[in-house]
Amino acid sequence: MTSRRDFFKLTGAVAAASVSPLGMAALPEIVSMDTPATQPPLTPPSGRPYNPVVTLNGWTLPWRMKDGVKEFHLVAEPVVREIAPGMKAHLWGYNGQSPGPTIEVVEGDRVRIFVTNRLPEHTTIHWHGQRLPNGMDGVGGLTQPHIKPGKTFAYEFVARRPGTFMYHPHADEMTQMAMGMMGFWVTHPKGKHPLIETVDRDFCFLLNAYDIDPGSATPSVNTMLDFNLWTWNSRAFPGIDSLNVRLNDRVRIRIGNLTMTNHPMHLHGVEFEVTGTDGGPTPKGARWPEVTTDVAVGQMRQIEFVASEEGDWAFHCHKSHHTMNAMGHDVPTMIGVDHRGLIRKLQKAVPDYMVMGERGMADMGEMEMEIPENTAPMMTGTGPFGPVEMGGMFSMLKVRKNQKPGDYKDPGWYKHPAGTVAYEWTGALPDPARPRAGSKAMPAASPGPVTQVQIRKPSGHAGH
């Protein structure tokens, strides 16, 4: 991880004359980021103290204090985001990134967010889940005028309740969210809260998805379901950083879903509890241990656990196609098909022709096939024992006893103690269990009556 100072680009203030509500007031400087690496937590330089979050493959937006108000500056603009090594996408986002930077405040803070529009069309920002005046809710045409290109608007409200929230446009939403416009918001409690425990590590990320044809760089904004890149914070494995913690740390992970489908998030190695949603902290009587929790569209989920087992534990969406990159859908299944005679004939006309998928798809991860430029391989990543054969929404929770408090650096691969890794068995195999002669433990099934099935073809919608 590189220090935040090395990557901030201070690009100066936007002309205050464009901010009609505040006249000629000077704006906070614009801070942007040009790396997809996870940045260290931003220790609050002013205002009430809190335990900051770590945004996976992202960062927290600095602020300034002015007359007791926390002032932030977001810039909606086209950005280039590296989805994974070797693949970059032309997206829309905030302050040089998609998603935009995380905003962190404390319960009771008065906040003022300046939003400058550098997009080719109008926009707004909706503060998803916040309690605020109706005119600050950010729904273009309903609660405010749209922010036209080149203009700056100011949103001002009090962060009334602690919790996990998001921000995103409510203007040409289909286009702007499909292009990557979204960000995380965390409101910390102002003091000890009966339902919010102190944690040692606090991570956050958004689930998002794109449809980008292999070899191209701009998402299709008309796609409704058939996305081919499933991402966390606009990153796909192996581009997603690991979550690095110390043994026996209490860990919180905050997840928001701005895709078009639900995601059952599964964490290996521990049991966790859902301790919060976008509605606030979960009552303790409503919590139970899980290893998978479903995050539906537009929802936030906050999970907590004690990292009590060392290792490199997989963390992923449990929809198998969501852990692949550049996944095509109109591909026939060729498992079990004998291509030998056909291949010889085809190779006379196409010498480089090869068959794919007759023994499953794992072979594709091992092939060093040429792929279009600016495309992530479908199955990728290499671990200490060989190909990981994953992509998309996949990362690892790395638990180490020697990870120092506050240290988020990747510790490398886990060194397993002797005798704790699955291994090939080369000895004699035990005889299979079989019923003894005369035993009734596994009686043979007696033939039953023959069942006839009648098939009725559909005949229209008469009577419906």
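The following paragraphs examine the structure supplied in this document. As the structure is a prediction and not an experimental result, all values here were calculated from the model.

### As for the overall build of the protein chain
Here is step 1 of the chain: When helices and strands are counted, the protein chain shows three helices and 25 strands.
Here is step 2 of the chain: Looking at the 464 residues of the protein chain, the share that counts as buried comes to 47%.
Here is step 3 of the chain: Relative to all contacts within the protein chain whose residues are 6 or more apart in sequence, the contacts with residues 24 or more apart total 73%.

### Regarding the sheet that holds strand β7 (residues 103-106)
Here is step 1 of the chain: Taken in spatial order, the four strands of this open sheet run β7-β12-β11-β9, and their pairing is mixed. Where the open sheet ends on each side, the last strands, each with one partner, are β7 and β9 (126-128). Averaged over all neighbouring strand pairs, the angle between strand axes comes to 25°, with direction disregarded.
Here is step 2 of the chain: The pairing of strand β11 (residues 163-168) with strand β12 (residues 183-188) spans five bridges and is antiparallel. If you follow Thr 164 over to β12, its bridge partner there is Val 186.

### Side note on the nonpolar core
Here is step 1 of the chain: Of all hydrophobic cores here, the largest spans 33 residues; its most connected members are Phe 72, Leu 74, Ile 103, Ile 113, Ile 125, Trp 127 and Trp 185.
Here is step 2 of the chain: Not counting chain neighbours up to four residues away, the residues in contact with Trp 127 comprise Leu 74, Ile 103, Ile 113, Leu 132, Met 136, Asp 137, Tyr 155, Phe 157, Met 166, Tyr 167 and Trp 185.
Here is step 3 of the chain: In terms of nonpolar packing, the next biggest core, distinct from the first, is built from 30 residues, Val 245, Val 251, Met 393 and Tyr 408 among them.

### Describing the pattern of salt bridges
Here is step 1 of the chain: Using the criterion set out here, one finds 17 salt bridges in the structure.
Here is step 2 of the chain: Between Lys 70 and Asp 109 there is a salt bridge; the shortest N-O distance is 2.9 Å. On the criterion of sequence distance, the pair formed by Lys 70 in strand β5 (residues 69-84) and Asp 109 in the loop between β7 and β8 (110-117) is long-range, its members being 39 residues apart.
Here is step 3 of the chain: In this structure Asp 109 comes out as buried when scored by relative accessible area, which is 8%.

### Considering the pairing of strand β13 (residues 201-210)
Here is step 1 of the chain: Of all 10 residues in β13, 10 are buried; the element is thus mostly enclosed.
Here is step 2 of the chain: Residues Arg 201, Phe 203, Phe 205, Leu 207 and Ala 209 line one face of β13 and the alternating positions Asp 202, Cys 204, Leu 206, Asn 208 and Tyr 210 line the opposite face, and both faces are buried.
Here is step 3 of the chain: As paired strands, strand β3 (residues 54-55) and β13 are joined by two bridges and run parallel to one another. By the bridge assignment for β13, Thr 55 is matched with Cys 204.
Here is step 4 of the chain: Where β13 meets strand β16 (residues 250-257), seven bridges bridge the pair, whose relative direction is parallel.

### A word on the side chain of Lys 398
Here is step 1 of the chain: Note on placement: Lys 398 falls in strand β25 (residues 394-400).
Here is step 2 of the chain: Judged by its relative accessible area of 2%, Lys 398 is buried.
Here is step 3 of the chain: Engagement of the side chain of Lys 398 in a polar contact is seen with the side chain of Asp 410, the distance being 2.9 Å.
Here is step 4 of the chain: Setting aside residues no more than four positions away along its own chain, Lys 398 makes contact with Ser 242, Leu 243, Asn 244, Val 245, Gly 311, Asp 312, Asp 410, Pro 411, Gly 412 and Trp 413.

### Focus: the packing of aromatic side chains
Here is step 1 of the chain: Applying the stated criterion across every chain yields a total of 13 aromatic pairs.
Here is step 2 of the chain: Residues Phe 227 and Trp 230 carry aromatic rings whose centres are separated by 5.8 Å and whose planes lie at 70° to one another, so their mutual orientation is edge-to-face. Pair check on accessibility: Phe 227 and Trp 230 agree, each one buried.
Here is step 3 of the chain: An aromatic cluster is built from Tyr 94, Trp 127, Tyr 155, Phe 157, Tyr 167 and Trp 185, whose rings are joined through pairwise contacts.

### A look at the side chain of Lys 70
Here is step 1 of the chain: Owing to a relative accessible area of 1%, Lys 70 belongs among the buried residues under this scheme.
Here is step 2 of the chain: Those residues in contact with Lys 70 that sit more than four places away from it in its chain are Ser 46, Tyr 50, Trp 63, Arg 64, Met 65, Glu 104, Val 105, Val 106, Asp 109, Arg 110, Val 111 and Arg 112.

### Brief notes about a nonpolar patch on the surface
Here is step 1 of the chain: A cluster of nonpolar side chains, contributed by Met 224, Leu 225 and Met 260, occupies part of the molecular surface with about 360 Å² of accessible area.
Here is step 2 of the chain: Take Met 224: it is sitting in the loop between β13 and β14 (229-232).
Here is step 3 of the chain: Overall, the relative accessible area of 62% leaves Met 224 in the exposed class.

Definitions and limits used
Residues numbered from 1 in each chain as written. Predicted model: local features only at pLDDT ≥ 70, side-chain atom pairs only at ≥ 80, totals over all residues. Heavy atoms only, no water. Helix = DSSP H or I, 4+ residues; strand = E, 2+ residues; numbered from the N terminus. Buried < 20%, exposed > 50% of the residue type's maximum accessible area, 1.4 Å probe, protein only. Contact = heavy atoms within 4.5 Å. Pairing = 2+ DSSP bridges. Axes fitted to C-alpha atoms, helices over the stretch in contact; angles between N-to-C directions. Core = buried A, V, L, I, M, F, W, Y, C linked by side-chain atoms within 4.5 Å. Salt bridge = Lys/Arg side-chain N within 4 Å of Asp/Glu carboxyl O. Polar contact = N/O pair within 3.5 Å; in protein donor to acceptor, adjacent residues only side chain to side chain. Phe/Tyr/Trp six-rings, centres within 6.5 Å; stacked < 30°, edge-to-face > 60°. Patch = residues over 30% accessible without salt bridge, like charges linked within 9 Å, V, L, I, M, F, W, Y side chains within 5 Å. Areas by Shrake-Rupley, 256 points an atom, 1.4 Å probe, with all protein chains shown as cover.

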